[in-house]
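# What the coordinates show
Chain residues, written in single-letter form:
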Amino acid sequence: MQEQYKETEHIKLRNERTLEGALDAIITTSHDNKIIFFNHAAEELWGHDRQEIMNHDVGILFSHKIIEEDEFLAAYAGPGDSKITGIRKKIKIVTKKKEEKKVLILLSRTQVENDITYTAFIQPGEGKMLWETVECMFFGRKKNQKQQLGRIDELEKENASLKQMLAKANADGLPDM
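Below or above, wherever it landed, is the structure these notes cover. (Residues numbered from 1 in each chain as written. Predicted model: local features only at pLDDT ≥ 70, side-chain atom pairs only at ≥ 80, totals over all residues. Heavy atoms only, no water.)

### Remarks on the overall build of the protein
What counts is decided by this rule: Put simply, DSSP H or I for four residues or longer makes a helix, DSSP E for two residues or longer makes a strand, and each gets a number counted from the N terminus. Relative accessibility decides the category of a residue: with a 1.4 Å probe and only protein chains considered, values under 20% of the type maximum give buried, values over 50% give exposed, and everything between is partly exposed. Contacts are residue-level and defined by heavy atoms, with any inter-residue pair within 4.5 Å sufficient. Each accessible area value is a Shrake-Rupley result obtained with a 1.4 Å probe; residue values ignore everything except the protein chains displayed when judging cover.
Each helix and strand counted, the protein has 7 helices and 5 strands in total. A burial count over the protein gives 29% of its 177 residues as buried. Taking contacts inside the protein between residues at least 6 apart in sequence as the whole, the part at least 24 apart equals 34%. By element, 55% of the accessible surface of the protein is carried by carbon and sulfur atoms, the whole surface being about 12700 Å².

What follows is the structure, encoded as structure tokens:
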């Protein structure tokens with residue numbers, strides 16, 4: 001039994017250290033919206049030391065105005081289990097220095113027995129292109145797929161055109177490049 005406990009603690013510590021080292025800001029809240037994990041990237045993004053934030057309501061991280069204007073944030077910061085999970089959303093945050101920043105957020109719900117937690121993965125707005133690339137590659141957005149197929153067709157036409165120009169140049173006696 002003690003060996004199982006040690007192994008469980010080892011896994012928990014490894015997972016916490018992994019999340020701590022992530023480049024994305026990661027915040028985990030309890031079922032009653034209290035912040036129970038706030039990684040280093042979250043400290044950097046908001047400018048708050050984790051000790052200022054831990055065990056406070058997650059709503060402390062967002063302005064009341066932004067919460068009122070955004071359905072996703074209203075659900076996230078509000079009471080209950082009606083959070084919007086599984087979708088990536090663009091939101092605004094306000095840092096400790098009152099700077100407004102655009103970020104991407106994805107909220108996931110985890111339930112272990114009767115314990116429910118929510119984990120937010122937050123990426124500064126500059127990561128938009130990376131997220132769109134990953135989303136397109138792995139989740140197959142049809143619009144992006146059509147754009148990519150269209151671009152492939154364009155490149156194939158350009159390639160064919162270049163081959164014709166090269167063949168004509170060779171036929172006219174110009175040296176190969």
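### Quick look at the pattern of salt bridges
What counts here: We define a salt bridge as a side-chain nitrogen of Lys or Arg found within 4 Å of a carboxyl oxygen belonging to Asp or Glu.
Counted by the stated rule, this structure contains 7 salt bridges. Note that Arg-50 is salt-bridged to Glu-43, the shortest N-O span being 2.9 Å. A salt bridge links Glu-100 to Lys-92, with the nearest nitrogen and oxygen atoms 3.7 Å apart. Taking the relative accessible area as the measure of exposure, Glu-100 reaches 53% and is therefore exposed. You can call Lys-92 partly exposed: its relative accessible area is 38%.

### Regarding the pairing of strand 2 (residues 35-38)
Rules: Only strands joined by at least two bridges in the DSSP assignment are considered to pair.
Pairing between strand 1 (residues 25-29) and strand 2: 3 bridges, direction antiparallel. By the bridge assignment, Thr-28 is partnered in strand 2 with Phe-37.

### With respect to the nonpolar core
Let me state the cut-off plainly: To form a nonpolar core, buried Ala, Val, Leu, Ile, Met, Phe, Trp, Tyr and Cys residues must be joined to one another through side-chain atoms within 4.5 Å.
If you look at the biggest cluster of nonpolar residues, it comprises 27 residues, and the most contacted ones within it are Ile-27, Trp-46, Leu-61, Phe-62, Tyr-76 and Ile-122. Beyond its immediate chain neighbours, meaning those up to four positions away, Leu-61 contacts Ile-27, Ile-35, Phe-38, Trp-46, His-48, Ile-53 and Val-94.

### A short note on unusual backbone geometry
In most cases, non-glycine residues show a negative phi, while peptide bonds are predominantly trans. Unlike most non-glycine residues, Lys-98 shows phi in positive territory, near 70°. In this structure, Lys-98 sits in the loop between strand 3 (88-94) and strand 4 (100-112). Here Lys-98 falls in the exposed class, since its relative accessible area comes to 69%. Positive phi is not limited to glycine here, since Glu-113 has a value of about 55°. Within the element layout of this structure, Glu-113 appears in the loop between strand 4 and strand 5 (115-124).

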